[in-house]
Amino acid sequence: MAKLYLKFEQAVLKEVPLSQGVVTIGRLPDNVIHVDNLAVSGHHAKIYWDMDKYVIEDNNSLNGTYLNNRRISKAALKDDDVILIGKHTIAFKDEWHEGPGAGQVAEKTGPALPKMEATMVLDTKKAKEMMQAAALGQTGQTVPGVEAPPPAPPKERIGAVTIVDGKTDQPRYSLTGKMTVIGKNDMASIKLKGFFAPNMAALINKRDNKYYIAASEAKIKVKINGAEIAGQKELNEGDLIEVAGIKMTFSFE
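The structure displayed is predicted, hence computed values, not measured ones. (Residues numbered from 1 in each chain as written. Predicted model: local features only at pLDDT ≥ 70, side-chain atom pairs only at ≥ 80, totals over all residues. Heavy atoms only, no water.)

What about the nonpolar core?
Step number 1: Among the nonpolar cores identified, the biggest contains 24 residues, and I182, I213, I241 and V243 are the most heavily contacted of them.
Step number 2: For V243, the residues in contact, after removing those within four places along its chain, are A201, A202, I220, K221, V222 and M248.
Step number 3: By size, the runner-up hydrophobic cluster in this structure holds 22 residues, among which are L6, L18, I56 and I90. (Core = buried A, V, L, I, M, F, W, Y, C linked by side-chain atoms within 4.5 Å. Buried < 20%, exposed > 50% of the residue type's maximum accessible area, 1.4 Å probe, protein only. Contact = heavy atoms within 4.5 Å.)

Have a look at this one:
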């Protein structure tokens, strides 16, 4: 498994195992790797899986992202690479390496079907599923007479908001429900504080693995990245939301 190690001088501040999701790096607290340094931009850079490798990409940061002492905009990562962001370093460690010659035998010999021990008894349906899975995984083609397995459902994404300004009862909220209410009343999931805070300021709805925000009534103003919205607006990674005197950033967990 690949991992990231956030360091300041020689001290390791955080260890982050990598999956195939996006690891955001920056000064704002909603980042996966939070670097509290004025030389670091709010959303400075990100690391993600791209086809067959991990990639680091700079988000047009003010002071730049450096890989092995060279400024980059986007670059592939390899074991023992060192990333410099502000005064902090991030070490990339890839603890898994594919052996030499992997994938070459299949090109010459064709797809290999799963081995079955003499004592293993499979029903016809199960045997077809195993054969189809092996054929699809190695050739991308179907086996005649064998039905392809159904596609895997898309992975559910959970949204979250992090409060950067204003008074609420928590600094961060996970948006696990189909509807999240922002306001002062008892129904609100994101509870506003203050005498003049509205009972219901805005609603965040989740549908089809996406999140949408809208004001609860016409007199409430909602801004996304400084621009006032009308009706519902889809939320994207890193959006800054302003409503009822609070500011918060949206991200996916």
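Still more to cover.
Considerations on the pairing of strand β22 (residues 246-252)
Step number 1: Counting buried positions along β22 gives six out of seven residues, so the element sits mostly inside the fold.
Step number 2: Bridge analysis of strand β12 (residues 159-165) against β22 gives six bridges, and the strand direction is antiparallel. Bridge pairing links D165 to K247 in β22.
Step number 3: As paired elements, strand β21 (residues 240-243) and β22 share four bridges and run antiparallel to each other. Paired with L240 across the strands is T249, a residue of β22.
Step number 4: Where β21 folds back on β22, the antiparallel hairpin that results is connected by two residues, among which A244 adopts a positive phi of roughly 50°. (Helix = DSSP H or I, 4+ residues; strand = E, 2+ residues; numbered from the N terminus. Pairing = 2+ DSSP bridges.)

Some details on unusual backbone geometry
What is expected of a backbone is that most residues other than glycine have negative phi and most peptide bonds are trans.
Step number 1: One non-glycine residue, N68, adopts positive backbone phi at about 55°.
Step number 2: One can find N68 in the loop between β7 (65-67) and β8 (70-72).
Step number 3: Of note in the backbone geometry, D80 takes a positive phi value of approximately 75° without being a glycine.
Step number 4: Within the secondary structure, D80 is located in the loop between β9 (74-76) and β10 (81-85).

Focus: the sheet that holds strand β14 (residues 179-183)
Step number 1: Spatially, five strands are ordered β15-β14-β16-β17-β20 in an open sheet, and the strand pairing comes out mixed. The open sheet has two edge strands, β15 (190-191) and β20 (233-234), and neither has a second partner.
Step number 2: In this structure, β14 lies alongside β15, joined through two bridges in parallel fashion. Paired with G183 across the two strands is K191, which belongs to β15.

Remarks on the pattern of salt bridges
Step number 1: Counted according to the given criterion, the structure contains seven salt bridges.
Step number 2: Measuring nitrogen to oxygen at the nearest pair gives 2.4 Å for the salt bridge that ties K93 to D80. Pair noted here: K93 is in strand β11 (residues 88-94) and D80 is in the loop between β9 and β10, with a separation of 13 residues, a long-range link.
Step number 3: Overall, K93 belongs to the partly exposed group, its relative accessible area being 31%.
Step number 4: Its salt-bridge partner being E228, residue K221 comes within 3.7 Å of it at the nearest N-O pair.
Step number 5: Classification of K221 by relative accessible area gives partly exposed; the value is 46%.
Step number 6: By relative accessible area, which is 48% here, E228 ends up partly exposed. (Salt bridge = Lys/Arg side-chain N within 4 Å of Asp/Glu carboxyl O.)

A short note on the environment of L203
Step number 1: Considering the arrangement of structural elements, one finds L203 in strand β16 (residues 202-207).
Step number 2: Once residues within four sequence positions are removed from consideration, L203 is found in contact with M179, T180, V181, Y212, I213 and A214.

Here's the deal with the packing of aromatic side chains
Step number 1: For the structure on display, the rule yields six aromatic pairs.
Step number 2: Here the aromatic rings of F250 and F252 are separated by 5.1 Å at their centres, their planes lie at 80°, and the arrangement is edge-to-face.
Step number 3: According to the relative accessible area criterion, F250 is buried, its value standing at 0%. (Phe/Tyr/Trp six-rings, centres within 6.5 Å; stacked < 30°, edge-to-face > 60°.)

What about the sheet that holds strand β6 (residues 53-58)?
Step number 1: If you trace the five strands from one edge of the open sheet to the other, you get β4-β3-β5-β6-β9, paired in mixed fashion. In this open sheet, the two strands that pair with only one neighbour each are β4 (33-34) and β9.
Step number 2: Where strand β3 (residues 23-26) lies against β4, two bridges are found, and the strand directions are parallel. Each residue of the ladder has a partner; that of G26, found in β4, is H34.

Let's talk about the side chain of D81
Step number 1: Within the secondary structure layout, D81 lies in strand β10.
Step number 2: Here N68 takes part through its side chain, which lies 2.9 Å from a polar atom of the side chain of D81.
Step number 3: Reaching out from D81, the side chain makes a polar contact with the backbone nitrogen of K78 at a distance of 2.8 Å.
Step number 4: Setting aside residues up to four positions removed in sequence, D81 forms contacts with L67, N68, A76, I90, A91 and F92. (Polar contact = N/O pair within 3.5 Å; in protein donor to acceptor, adjacent residues only side chain to side chain.)

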